[in-house]
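Structure at a glance
In case you want the letters, here they are:
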Amino acid sequence: MCLVAPLAACFGDPEASPVGFVNTGGQAAAVIPACADEDVLSLAVDDDPYDEAGSLKPESDTLWKVSDPRQPRSTGPFVIGDTSPWRTESTALNGELPNSYMLSIETTRRLATSHFDKTRVASLGDREVLIDGEVGSLKDLAKRWGC
């Protein structure tokens with residue numbers, strides 16, 4: 001759950017490490033760069049922190065959360081809703097996800113968070129990565145992470 005106080009860690013901090021999104025055979029997936037000493041710990045999907053009028057909600061609900069990856073050094077792609085790469089599902093996915101939400105990946109060094117837009121991710125081509133609303137590459141994502 002993201003509260004208003006730690007907003008920089010939840011949404012919109014230009015200095016925060018972003019999650020990359022890819023389209024893998026018609027399925028939305030999250031990716032991170034391969035930083036040498038960084039292991040993945042968990043992945044969480046929270047509802048969009050803004051209401052229909054564009055105002056910040058006081059808090060947002062967790063829609064899906066998984067942790068304890070079977071391969072900690074994995075960089076993805078982590079298909080949204082697929083529990084097979086994870087040992088623990090602490091919040092089960094209940095129904096279809098909305099068109100937009102926040103996705104966070106916690107690693108041993110950082111919390112990377114980005115807004116997800118189903119339409120934008122569905123339009124991505126091979127080797128394209130959506131990074132904070134802009135189409136780029138895995139190299140662009142690695143630069144943003146500093147690795």
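Predicted, not measured: the structure shown is a model, and the values here were computed from it.

1. Looking at the pairing of strand 1 (residues 20-24)
Most of strand 1 sits inside the fold, with four of its five residues counted as buried. Summarising the sheet, strand 1 and strand 2 (residues 27-31) pair through five bridges and their orientation is antiparallel. Residue pairing across strands places G20 opposite V31, the latter belonging to strand 2. Counted between consecutive antiparallel strands, the loop separating strand 1 from strand 2 contains two residues, among which G25 sits at a positive phi close to 60°. With two bridges joining them, strand 1 and strand 9 (residues 129-131) adopt antiparallel strand pairing.

2. What about the sheet that holds strand 8 (residues 111-117)?
Paired through backbone hydrogen bonds, the strands of a sheet run either parallel or antiparallel to each other. Strand order in the open sheet formed by five strands is 6-4-3-7-8, and the pairing between neighbours is antiparallel. In the strand order of this sheet, the two ends are held by strand 6 (86-91) and strand 8, each with one partner. Put simply, the sheet's adjacent strands are angled 20° from each other on average, direction ignored. Of the pairings in the sheet, the one linking strand 7 (residues 100-107) to strand 8 comprises seven bridges and is antiparallel in character. The residue bridging S104 from the neighbouring strand is T113, located in strand 8.

The rules behind these values
Residues numbered from 1 in each chain as written. Predicted model: local features only at pLDDT ≥ 70, side-chain atom pairs only at ≥ 80, totals over all residues. Heavy atoms only, no water. Buried < 20%, exposed > 50% of the residue type's maximum accessible area, 1.4 Å probe, protein only. Helix = DSSP H or I, 4+ residues; strand = E, 2+ residues; numbered from the N terminus. Pairing = 2+ DSSP bridges. Axes fitted to C-alpha atoms, helices over the stretch in contact; angles between N-to-C directions.

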